[in-house]
Amino acid sequence: MENAWIVRVPDAGLRGFCVSVGRVVADDAIQAGDGLLLVAGKHAEAVGIARVYRMRESVDEIELYFDALHQNPEGRPLTDFGIYEAELPDSPARIRWATFEEVTRSLSGASFASLRTLAGTTKEEQAYVRELLRLAAVDDLLGPANGPREEIVGMSVRDRYLVGKLSPMSPTKGESEVGPFAEEEVTDGETPGDLVPYANEDHISRDDVPASNPSEDEEEPEINASGSRTLVPSSMGLTFCVADDQESVEVAASWGHYARAESEATGRRCWKRIPAGGIITVPLNEGPIPPRPVDHVSTSVVVQGTVSAPLGQGDRLVTLFLINTQVMPPQGQDQAWVFQPEIIVRDAEGRPVFRRRPVLQEQYDEDRQSLEMIYRHRVEFATGHGVSVHATVDSENPELA
């Protein structure tokens, strides 16, 4: 089926050979091979034609990567093709294929099927191909390898992906009724895993940041992912530093939920990925942060944490975890696991509110002072617990993010 979409390009222009767009309704999802009419400017001028090669989806946007692109240096008004700006929404909008082909021929001089595939003949294209190879390696290990609504046939999801998994809770506090070598539902040639790891039920209680400053004789507890008694944890999180008057942060979390369904391609039973997640505002009141779901459908995946008392330097520490509280079912166990989890913490207004993590040891150390000077622009803003953390540093102040 031939599908074409109108996509707005940011005012700053394309970022290489890809573009970020808002979330698309599942029933009208953009697919690999679809055509894109790229528009830009206040008056929505046609500036290019692209073909979708792959997609990567997060909680609030979709990144579209191209394998063919024709850019028009001088934009053509969409009104020349009977398309009016008032009809265009902010998110991608469908366009009739006949109209899309007309625009494509007008801009490129050829049909959409004849659009030149990126051949890697320029430095920019070569760098883009290397980036696609990197993303392919990541998706092969973490997923989803075949897009945000992929289907996995003939094997379990846990066997397909090696990393990025949060296990459900064990059904009992002691030895599981199912047992560590439980029999799983096996269909379509699937083979059960040898070992079914269960979550550490003390996933957060032993790792809390104290709500008050520790005394001089008391050592401050550290969150330690290695303290888990299981092979696969049920939670992941991070600790970061903000000003003590910061009232709240915005938390965006996303993950993949896999459910049993009939494959649209083969008609066989498969594991079909359903994107899950959402955005919530978390108040930074001193003390525990109670569990809160971020998806109104998958309410068993929650955000939980704690906020420390002010540290005396105008800041405080905040710890947040994304936790899978689902219970391991006796069959179809992959549906209770969380795959490809991601948690994003940011200020609701986009301000750089995250600070350098405080150094608690005040004693003078010449080597430490020297290293602090050498790496003064390489600031640690957060520590991950069972996961790595990336910070977007403020362009004007390297000690804010």
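Scroll up for the structure.
Since this is a predicted model, take the numbers as computed values, not measurements.

Calculation notes
The residue count restarts for each chain, going from 1 along the sequence in the order it is written. With pLDDT at 70 or above as the cut-off, local features in this predicted model cover only qualifying residues; side-chain atom pairs require 80 or more to be listed or tallied, and sums for whole chains, interfaces and linings still use all residues. For side-chain calculations, the full set of non-hydrogen atoms in the structure is used, while hydrogens and water are omitted. What counts as a helix is a DSSP run of H or I of at least four residues, what counts as a strand is a run of E of at least two, and both are numbered from the N terminus. Using a 1.4 Å probe on the protein chains alone, a residue whose accessible area is under 20% of its type maximum counts as buried, one over 50% counts as exposed, and one in between counts as partly exposed. Between two residues, a contact is recorded if the distance between any of their heavy atoms is within 4.5 Å. For accessible areas, the Shrake-Rupley method is used with a probe of radius 1.4 Å. Any residue's cover is judged against the shown protein chains and nothing else. When DSSP finds at least two bridges between two strands, those strands are taken to pair. Simply put, an axis is a line fit to the C-alpha atoms, just over the touching stretch for a helix, and the angle between two N-to-C directions goes from 0 to 180 degrees.

## Brief notes about the overall build of the protein chain
Thought 1: Across its full length, the protein chain carries four helices and 16 strands.
Thought 2: Taken over 401 residues, the protein chain has a buried fraction of 44%.
Thought 3: For the protein chain, long-range pairs separated by at least 24 residues make up 66% of all intrachain contacts whose partners lie at least 6 apart in sequence.
Thought 4: When the accessible surface of the protein chain is summed, it comes to about 21,600 Å², and 49% of that surface belongs to carbon and sulfur atoms.

## Quick notes on the sheet that holds strand S9 (residues 235-243)
Thought 1: Ordered by their spatial adjacency, five strands build an open sheet running S12-S13-S14-S9-S16, and the pairing between neighbours is antiparallel. In the strand order of this sheet, the two ends are held by strand S12 (287-293) and strand S16 (382-385), each with one partner. Within the sheet, the average angular offset between the axes of one strand and its neighbour, ignoring direction, is 15°.
Thought 2: Two elements, S9 and strand S14 (residues 315-324), share nine bridges in a ladder whose sense is antiparallel. Each bridged residue has a counterpart across the sheet, and for Met236 the counterpart in S14 is Leu322.

## So, the sheet that holds strand S3 (residues 35-40)
Thought 1: On the basis of which strands lie adjacent, the open sheet formed by six strands has the order S2-S5-S4-S3-S1-S6 and mixed pairing. Of all the strands in the sheet, the pair left with one neighbour each is strand S2 (18-21) and strand S6 (93-94).
Thought 2: The pairing of strand S4 (residues 45-57) with strand S5 (residues 62-77) spans 11 bridges and is antiparallel. Each bridged residue has a counterpart across the sheet, and for Met55 the counterpart in S5 is Leu64.
Thought 3: Running over the sheet, helix H1 (residues 97-108) touches strand S1 (4-8), S3, S4 and S5 and is turned about 115° from S4.
Thought 4: On top of the sheet, helix H2 (residues 123-141) reaches S4 and S5; it is set at about 30° to S4, its chief contact.

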